[in-house]
Amino acid sequence: MSKKAILVVSFGTVYVDALKKTIESTEISFKAAFPEYEVRRAFTSTAIIEKLAEQSDVQVDSVGTALKKLVAECFEEVYIQPLYLVADKTYQHIKEYVIELAHKKEKEFKKITIGRPLLHSLGLKDHPDDYIIAIEAVKTQIPELGSEKAVLFMCNGSNQMEYAVLQLKLADAGIKNAFVYTAEGYPTFSGVMRQLKENNVKEVVLVPFIFVASEHVINYIAGDNLESPKSRLEAEGYKVDVHRSGLGENPAVQAIYVQHVKDALKAMEMRHGHHRQPAHGEQKTTHHGHK
């Protein structure tokens, strides 16, 4: 039987408690769902890897090092599942690396593929709607919203189109008074502030739409400094509550990543020719594209 592994990739965190609640907790979900697979961990931030080792003596590999170890240990199938929310530059870089490995003449793995991030598929044709699935998962961790109560999802990064799409999908789902903004790009915090006034909101719940809501993230959102979102909202007269857990602590969100691994496995099997044989009288279909 071939040796198979799931490599769980994230940016990483130096906060051990947050790591256990999010990354490690999700890895446990993978182990339960895929008992025949070895589950390994990798971070993409070299600075985080070094700082974590220095502060807490917790050793984590980079993606390249983790894959080299799997080669040395004679693993034949590797499925990389990033715990990313969107297909940002880092995700694209890993994806390109995986494609390069998959198409090498001297293959190190018989099978290697990468799963999609949390928000990717728009629900067109036969594809699932990742946005609506994620919204349903996040609804389990936010309070009921009344006419004067709103939730603000703070997203990391800048100018990721997925976050603007998330705002549209929230509206499509009929969820009123739920607004999305990014820390450094679009949708903007000032734009959300305008919408709060237009909707006569009196109370706001700040929710970090981030996989690991570390101490640093919570301080950024709800710190005492005048520029924090909480301070700015309170200065405008809003009553503000802060949700202090990351998406990775939510079992419903963890289940989404488990499903994305299942989808990646299914797609890989199809690419490797494990198709149903045509029934008698059916015309055999020629498959183009990945071989």
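Preceding block: the structure.
Asks: Looking at this structure, I do not really get the pairing of strand E5 (residues 149–155). What am I missing?
Replies: Strand residues, when the strand is regular, have side chains that alternate between the two faces of the sheet. Counting buried positions over the 7 residues of E5 gives 6, a clear majority of the element. Pairing between E5 and strand E7 (residues 203–209): 7 bridges, direction parallel. Looking across to E7, one finds that alanine 150 is bridged to valine 204. Direction of pairing for E5 relative to strand E6 (residues 178–182): parallel, over a ladder of 5 bridges. Residue valine 151 lies in a different strand from E6, and its bridge partner there is alanine 178.

Asks: It is not clear to me how the pairing of E6 should be interpreted in this structure. Could you clarify?
Replies: E6 sits mainly inside the fold: 5 of its 5 residues count as buried. Of the two faces of E6, the one lined by Ala178, Val180 and Thr182 and the one lined by Phe179 and Tyr181 are each fully buried.

Asks: Explain the sheet that holds E6 to me, please; I cannot follow it from the model alone.
Replies: Within a beta sheet, neighbouring strands are joined by backbone hydrogen bonds and run either parallel or antiparallel to one another. Pairing is parallel in the open sheet, where 4 strands are placed in the order E6-E5-E7-E8. Edge strands, defined here as strands with exactly one partner in the open sheet, are E6 and strand E8 (239–242). Strand after strand, the sheet turns through a mean of 25° between neighbouring axes, direction not considered. In this structure, E7 lies alongside E8, joined through 4 bridges in parallel fashion. Its bridge partner lying in E8, glutamate 203 is registered against lysine 239. On the sheet, helix H6 (residues 161–172) packs against E5, E6 and E7 and is oriented at approximately 175° with respect to E6.

Thresholds applied
- Residues numbered from 1 in each chain as written.
- Predicted model: local features only at pLDDT ≥ 70, side-chain atom pairs only at ≥ 80, totals over all residues.
- Heavy atoms only, no water.
- Buried < 20%, exposed > 50% of the residue type's maximum accessible area, 1.4 Å probe, protein only.
- Helix = DSSP H or I, 4+ residues; strand = E, 2+ residues; numbered from the N terminus.
- Pairing = 2+ DSSP bridges.
- Axes fitted to C-alpha atoms, helices over the stretch in contact; angles between N-to-C directions.
- Contact = heavy atoms within 4.5 Å.

Geometric descriptors of this kind do not, in isolation, establish any biological role.
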